[in-house]
4 protein chains.
Amino acid sequence: MFTELKREAYEANLEIPKQGLAIYTFGNVSAFDAARGVFAIKPSGVPYDELTPDLMVVVDLDGDIVEGSGRPSSDTKTHAVLYREFAGIRGVCHSHSMYAVAWAQACREIPVFGTTHADHLTEPIPVTEPMSDDAIERDYEVETGHQIVQRLRGLDPHEVEMIIVACHGPFTWGTSAQKAVYNSRVLEEIAQMAYLTRTINPIAPPIKETLIRKHYLRKHGAGAYYGQVETPDVIDGLK
Amino acid sequence: MFTELKREAYEANLEIPKQGLAIYTFGNVSAFDAARGVFAIKPSGVPYDELTPDLMVVVDLDGDIVEGSGRPSSDTKTHAVLYREFAGIRGVCHSHSMYAVAWAQACREIPVFGTTHADHLTEPIPVTEPMSDDAIERDYEVETGHQIVQRLRGLDPHEVEMIIVACHGPFTWGTSAQKAVYNSRVLEEIAQMAYLTRTINPIAPPIKETLIRKHYLRKHGAGAYYGQVETPDVIDGLK
Amino acid sequence: MFTELKREAYEANLEIPKQGLAIYTFGNVSAFDAARGVFAIKPSGVPYDELTPDLMVVVDLDGDIVEGSGRPSSDTKTHAVLYREFAGIRGVCHSHSMYAVAWAQACREIPVFGTTHADHLTEPIPVTEPMSDDAIERDYEVETGHQIVQRLRGLDPHEVEMIIVACHGPFTWGTSAQKAVYNSRVLEEIAQMAYLTRTINPIAPPIKETLIRKHYLRKHGAGAYYGQVETPDVIDGLK
Amino acid sequence: MFTELKREAYEANLEIPKQGLAIYTFGNVSAFDAARGVFAIKPSGVPYDELTPDLMVVVDLDGDIVEGSGRPSSDTKTHAVLYREFAGIRGVCHSHSMYAVAWAQACREIPVFGTTHADHLTEPIPVTEPMSDDAIERDYEVETGHQIVQRLRGLDPHEVEMIIVACHGPFTWGTSAQKAVYNSRVLEEIAQMAYLTRTINPIAPPIKETLIRKHYLRKHGAGAYYGQVETPDVIDGLK
């Protein structure tokens, strides 16, 4: 019944090891079908090279299983919160990629140090507040989603498609599952660039606002001129 | 006679180069048969791509050869001490993986900086005391085992399945040889994450106890909900 | 009509991912035909593994399309400025390679710390001035070219074939498109070596002038004795 | 006439890219035939994937060509000095590997921070004095050899088989060409471990003398017990 959705989730999950975003099973992607209010997600604890489209688990926005015989990812409820709250997104990705985790563990947001960052978003990569003991003990994965939504307040989730959960790691999203993984890979690249920048020059300043806007608008919005004409919104080959 | 045991050791040793844990022959894994009181271990100084199951050396808990024509790993007696002292473990892995060695050489334990660490253990990765001159000159590999056991005192070797031997490198263990290698790979990942965290924020604090317990218990114990139902103890695809 | 030129550009662009200089589509190379005053360049936003020679876009030195159905790289006008201003160059390469970007984001030139650097140029790798708001808002890619040309004033673009654009990343050039990519790979190597040197010894001095000249002249000019006799200008196997 | 010697040099040169010790043509190995007083070395500026055994250049200890139509490596005279001065060595390797170069550029010797180092030598990795202007302008490659020999004075070149040439990079040697490359790979590993150790703990001390001797003697000398019985001197699978 959800053949196409499960295939999309399956293929996006395969990108995680291909892009070097996780060892073993330390990451998961989901693909959302907004019309039916369900998403397909990686089964928990299954290595990427054992995945098949049929092993994907389809759940609704309460996290209840709609189709599939396995357990969904333990992070499923966080994905559900993001689909509920960020209208228009169709994919979510979570991993423990090295440099994004390092900034998460350092509890520091990533300043806009250069144009690679500004090509993708105009804001520092936000970091959530550390979670309260109460929230941790209540419904941890739901609360992780709330922390993300809370931190995004005042920002547009279609502009800022990535966040670092303090002490944990990155969550990214986008208009497709593939785009969500793409954003995780970009975040990892930006995180490593920022790490190196800081260690060369501990007082390196962020770049100026005009340069940020210029680079962002080369790739986004009505005046964008990056990519091909027939696919004006294309970012880096992802349709 | 020990066909199965030697195959298990052989396959686990192949994981060392595959996971990038050692160059040349700088690592070894063993698989333990508790009923017979013997373990199969890598022959000393033989490159991974020349290994065959038949080259594995089977030794008893005194380190005496039971089957095999080659010399066992020079670290064999350390493995033997761990099998004697840590009831229930079935595999031991030793390597000189890059970041674990860096912490070993810095003689520093690895704080619990994030959930990747807490997913696997609730304690800092312990580091042994430096060995006394006497112990070094006595029976070095046995004494290395004693240093590990000594440092584990008060900890549960089924919770803390990894340690850093000061000035040397990592030893890990687990309920199978594959699990022992898995723990070495995880330790390397945690060690690199901690390295980067420290260099971004030299005063980064460890994460709070509630978060540590939450993540550990997602994967371990009666209430665990990570992995698949039929294999409740599965961690990351390792049965 | 431009079959050969497009093939040269195509093959040089494939070197970008092969040499690890960019993820996704974060880099582009062009090949210049001086006689006809045109160059072939990567189409914008197309992944390297989807490129074919026919997808290369041929443009003149105003950046106007001469042949090709797609949009050329968004950095095309920067390439055009360099071909106009640096007589004799035949290739330009731009990427967001990791360590070169780190120095760009730190707004620091790369000192001549060793002979690997001196084998290729006798000067620190220059970094441009940050661009003014006016220039950013005028004709950004043309102005990027101007910043580069401005910074090269007083230097020979056939000796200094690489630069770091502040807050952005590397541009390199050379007597062919392949040589331009080669220079990007060398710059990345030098940038990483300098990064590590600085973090081991924050006050490491540049090497002495005699050693710089010696190494440069082993590979360049009438007395060069690196490479094979029949190809006296050969550098590292690139004809 | 030198078929076997050229094949040995050829195969050892192929190890350079395989072990990640150099990009493009930034490294060379030679194999020495002591009886005939000649060695085979990589031709200058030829990429590794274009090498064949027949392209190897055979030279005598003055660096004069005995067999081969190409130019030998520009570092040939340095190799010649080492074969003259270090009786018993049969291979020399030079590369610009990343971390060894970083220490070279920082002009710092590498302390014995751990057992990986002590498994191979009991001394810090020595670094040469910077070369005088006179020496640079005289006969640079010969003088590089002299700097190495000078720094090794008082040390045994069969114990210390590796050195860092200040501002330049590593030279290593051994009882065969393969062993020389092996030593380059080990040096690179030790150099990276030491880099990380220093940045975790800037005042990390070297390990104690008893531990150094213990590890060195596990692998070297009459009482060695690493490796297989039939090849008591085997180090890491290299016969």
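The rules behind these values
- Residues numbered from 1 in each chain as written.
- Chains lettered and ligands numbered in written order.
- Predicted model: local features only at pLDDT ≥ 70, side-chain atom pairs only at ≥ 80, totals over all residues.
- Heavy atoms only, no water.
- Least-squares fit on C-alpha atoms with pLDDT ≥ 70 in both.
- Contact = heavy atoms within 4.5 Å.
- Helix = DSSP H or I, 4+ residues; strand = E, 2+ residues; numbered from the N terminus.
- Buried < 20%, exposed > 50% of the residue type's maximum accessible area, 1.4 Å probe, protein only.
- Polar contact = N/O pair within 3.5 Å; in protein donor to acceptor, adjacent residues only side chain to side chain.
- Salt bridge = Lys/Arg side-chain N within 4 Å of Asp/Glu carboxyl O.
- Pairing = 2+ DSSP bridges.
- Axes fitted to C-alpha atoms, helices over the stretch in contact; angles between N-to-C directions.
- Buried area = accessible area lost by both parts, 1.4 Å probe.
- pLDDT = per-residue confidence, 0-100.
- Nonpolar A, V, L, I, M, F, W, Y, C, P; charged D, E, K, R; others polar.
- Parallel < 35°, antiparallel > 145°, perpendicular 65-115°, else oblique.
- Left-handed = near helix turned anticlockwise from the far one by under 90°.
- Disulfide = S-S within 2.5 Å.
- UniProt positions renumbered as here; feature names shortened; annotations may be inferred.
- Phe/Tyr/Trp six-rings, centres within 6.5 Å; stacked < 30°, edge-to-face > 60°.

J.: What am I meant to see in the relation of the copies chain A and chain B here?
T.: Relating one copy of the chain to the other takes a rotation about an axis and a shift parallel to that axis. Mapping chain A onto chain B leaves a residual RMSD of 0.0 Å; the transformation is a rotation of 90° accompanied by 0.0 Å of translation along its axis. The superposition operator between the copies reduces to a four-fold rotation axis. Among all C-alpha atoms of chain A, that of Thr199(A) lies closest to the rotation axis, at 5.4 Å. Each copy contacts the other with its own distinct surface, as only 6% of the interface residues of chain A are interface residues in chain B too.

J.: Before we go on, may I ask you to explain the side chain of Glu161(A) in this structure?
T.: All names here are of chain A. Among the structural elements, Glu161 can be located in the loop between α6 (140-152) and β6 (162-165). Using a relative accessible area of 11% as the deciding quantity, one classes Glu161 as buried. Only 3.2 Å separates the side chain of Glu161 from the side chain of Lys179, close enough to count as a polar contact. Excluding residues that lie within four positions of it along the chain, Glu161 makes contacts with Thr172, Trp173, Gly174, Thr175, Lys179 and Asn183.

J.: Looking at this structure, I do not really get the pattern of salt bridges. What am I missing?
T.: Once the charged atoms of two side chains with opposite charge are near each other, the side chains can pair. Residue and element names in this part refer to chain A. Enumeration over the complete set of coordinates arrives at 54 salt bridges over all chains. For Asp62, the salt bridge identified is with Arg84, shortest N-O distance 2.8 Å. Taken as a pair, Asp62 in the loop between β3 (57-60) and β4 (65-67) and Arg84 in helix α2 (residues 76-85) lie far apart in primary sequence, 22 residues in all. Under the relative-accessibility criterion, Arg84 is labelled partly exposed at 48%.

J.: Explanation requested: the relation of the copies chain A and chain C in the structure shown.
T.: Placing chain A over chain C gives an RMSD of 0.0 Å and needs a rotation angle of 90°, together with 0.0 Å of translation along the axis. Residue by residue, only 5% of the interface of chain A is reproduced at the interface of chain C, so the copies engage with different surfaces.

J.: It is not clear to me how the sheet that holds strand β1 (residues 27-33) of chain C should be interpreted in this structure. Could you clarify?
T.: Strands belonging to one sheet form pairs held by backbone hydrogen bonds; the direction of such a pair is parallel or antiparallel. All names here are of chain C. Strand order across the open sheet formed by seven strands is β4-β3-β2-β1-β5-β7-β6, with antiparallel pairing between neighbours. Each of the sheet's edge strands pairs with one partner strand only, and the pair in question is β4 (65-67) and β6 (162-165). Pairs of neighbouring strands in the sheet enclose a mean axial angle of 25°, with direction left out of account. In the packing of helix α6 (residues 140-152) onto the sheet, the strands contacted are β6 and β7 (169-174), and the crossing angle to β6 comes to about 125°.

J.: Would you mind showing me how to read the interface of chain A and chain C here?
T.: Many structure descriptions define interface size as the accessible area lost when the parts assemble. Tallying the contact residues gives 39 residues for chain A and 34 residues for chain C. When chain A packs against chain C, the two sides together hide about 3,300 Å² of surface, and 56% of this comes from carbon and sulfur. Counting the contacts that link chain A with chain C gives three salt bridges. Between Lys208(A) and Asp133(C) there is a salt bridge; the shortest N-O distance is 3.2 Å. On inspection of chain A and its partner chain C, the count reaches 21 residue pairs in polar contact (both at pLDDT 80 or more). Put simply, the parts of the chain that give the side of chain A that touches chain C at least two residues each are α4 (115-118), α7 (177-200) and α8 (209-219) of chain A.

J.: Honestly, the confidence of the model for chain A in this entry has me stumped. Any pointers?
T.: As a note on interpretation, predicted positions should not be read in detail where pLDDT is low. Of all residues in chain A, 96% have pLDDT values of 70 or greater, and the mean over the chain is 95. A low-confidence stretch, residues 232-239 of chain A (pLDDT under 50), is modelled with 22 contacts involving residues beyond four sequence positions or located in other chains.

J.: Would you explain the pairing of strand β7 (residues 169-174) of chain A in this entry?
T.: In the case of a regular strand, side chains alternate between the two sheet surfaces. All names here are of chain A. Where burial is concerned, most of β7 is hidden: six out of the six residues are buried. Taken together, the four bridges between strand β5 (residues 91-95) and β7 define a ladder with antiparallel strand orientation. By the bridge assignment, His94 is partnered in β7 with Phe171. Where β6 hands over to β7, the hairpin turn is made up of three residues, of which Cys167 adopts a positive phi near 70°.

J.: Would you explain unusual backbone geometry in this entry?
T.: Positive phi outside glycine occurs at Tyr24(A), with the angle close to 45°. Looking at the element boundaries, Tyr24(A) is found in the loop between α1 (3-18) and β1 (27-33). Phi is positive for Cys107(D), close to 55°, though the residue is something other than glycine. Mapped onto the secondary structure, Cys107(D) falls in the loop between α3 (98-105) and α4 (115-118).

J.: How should the side chain of Glu143(A) be read in this particular structure?
T.: As for its placement among the helices and strands, Glu143(A) is situated in helix α6. For Glu143(A), the residues in contact, after removing those within four places along its chain, are Met131(A), Ala135(A) and Arg138(A).

J.: Just to check I follow, could you spell out the interface of chain A and chain B for this structure?
T.: The interface is formed by 34 residues belonging to chain A together with 39 residues belonging to chain B. A combined buried area of about 3,300 Å² lies between chain A and chain B, and 56% of that area is made up of carbon and sulfur atoms. The interface formed by chain A and chain B holds three salt bridges in total. A salt bridge links Arg218(B) to Glu141(A); its shortest N-O distance comes to 2.6 Å. Along the contact surface separating chain A from chain B lie 21 residue pairs in polar contact (both at pLDDT 80 or more). Mapped onto the side of chain A that touches chain B, the elements with two or more residues apiece are α3 (98-105), α5 (133-138), α6 and α7 of chain A. At six residues, α3(A) tops the list of elements feeding residues into the side of chain A that touches chain B. Here the residues of the side of chain A that touches chain B are counted per class, giving 17 nonpolar, ten polar and seven charged.

J.: Is there a simple way to explain the packing of helix α1 (residues 3-18) of chain D against helix α7 (residues 177-200) of chain D in this structure?
T.: A packed helix pair is summarised by two numbers, namely the angle formed by the two axes and the spacing between the axes. Residue and element names in this part refer to chain D. Closest axis-to-axis distance for the α1/α7 pair is 8 Å, and the angle between their directions is 15°. One element, α1, and the other, α7, form an angle in the roughly parallel class. α1 and α7 meet at a crossing whose hand is right-handed. For the pair α1 and α7, the contacting residues are Glu8, Glu11, Ala12, Glu15 and Ile16 in the first and Ala177, Gln178 and Val181 in the second.

J.: How should the state of the cysteines be read in this particular structure?
T.: Disulfide: a covalent bond formed between the sulfur atoms of two cysteine residues. What the rule picks out here adds up to zero disulfides over all chains. Free of any disulfide, Cys93(B) has its nearest neighbouring cysteine sulfur in Cys167(B), separated by 20 Å.

J.: When you look at the pairing of strand β5 (residues 91-95) of chain B in this model, what are you seeing that I'm missing?
T.: With five of its five residues buried, β5(B) lies for the most part within the structure. The alternating pattern of β5(B) places Gly91(B), Cys93(B) and Ser95(B) on one face and Val92(B) and His94(B) on the opposite face, and all of these are buried.

J.: Any chance you could explain the UniProt feature "domain: Class II aldolase/adducin N-terminal" (unreviewed entry) in chain A here in plain terms?
T.: Taking the UniProt record as the reference, the feature "domain: Class II aldolase/adducin N-terminal" (unreviewed entry) is found at residues 7-195 of chain A. Strand forms 17% of residues 7-195 of chain A and helix 38%; the C-alpha atoms that close the span are 35 Å apart.

J.: Would you mind going over the packing of aromatic side chains with me for this structure?
T.: Two measures describe an aromatic ring pair: the distance that separates the ring centres and the angle between the ring planes. Applying the stated rule across the entire model yields 24 aromatic pairs over all chains. On the basis of an interplanar angle of 55° and a centroid distance of 4.5 Å, the ring pair of Tyr24(A) and Tyr182(B) is categorised as tilted. Highlighted residues: Tyr24(A) in the loop between α1 and β1 and Tyr182(B) in helix α7 (residues 177-200), drawn from two different chains. Judged by relative accessible area, which is 1%, Tyr182(B) ranks as buried. Aromatic ring contacts, followed pair by pair, group Tyr24(A), Phe26(A) and Tyr182(B) into a single cluster.

J.: I'm lost on the packing of helix α3 (residues 98-105) of chain B against α7(D) in this one. Help?
T.: Viewed as axis vectors pointing N to C, α3(B) and α7(D) meet at an angle of 55°, and their least axial separation amounts to 8 Å. Judged by the inter-axis angle, α3(B) sits oblique to α7(D). Crossing geometry of α3(B) relative to α7(D) is assigned as right-handed. Of α7(D), the residues touching α3(B) (which contributes Met98(B), Tyr99(B), Val101(B), Ala102(B), Trp103(B) and Gln105(B)) are Glu189(D), Gln192(D), Met193(D), Ala194(D), Leu196(D), Thr197(D) and Ile200(D). In terms of residue class, the contact of α3(B) with α7(D) is built from nine nonpolar, three polar and one charged.

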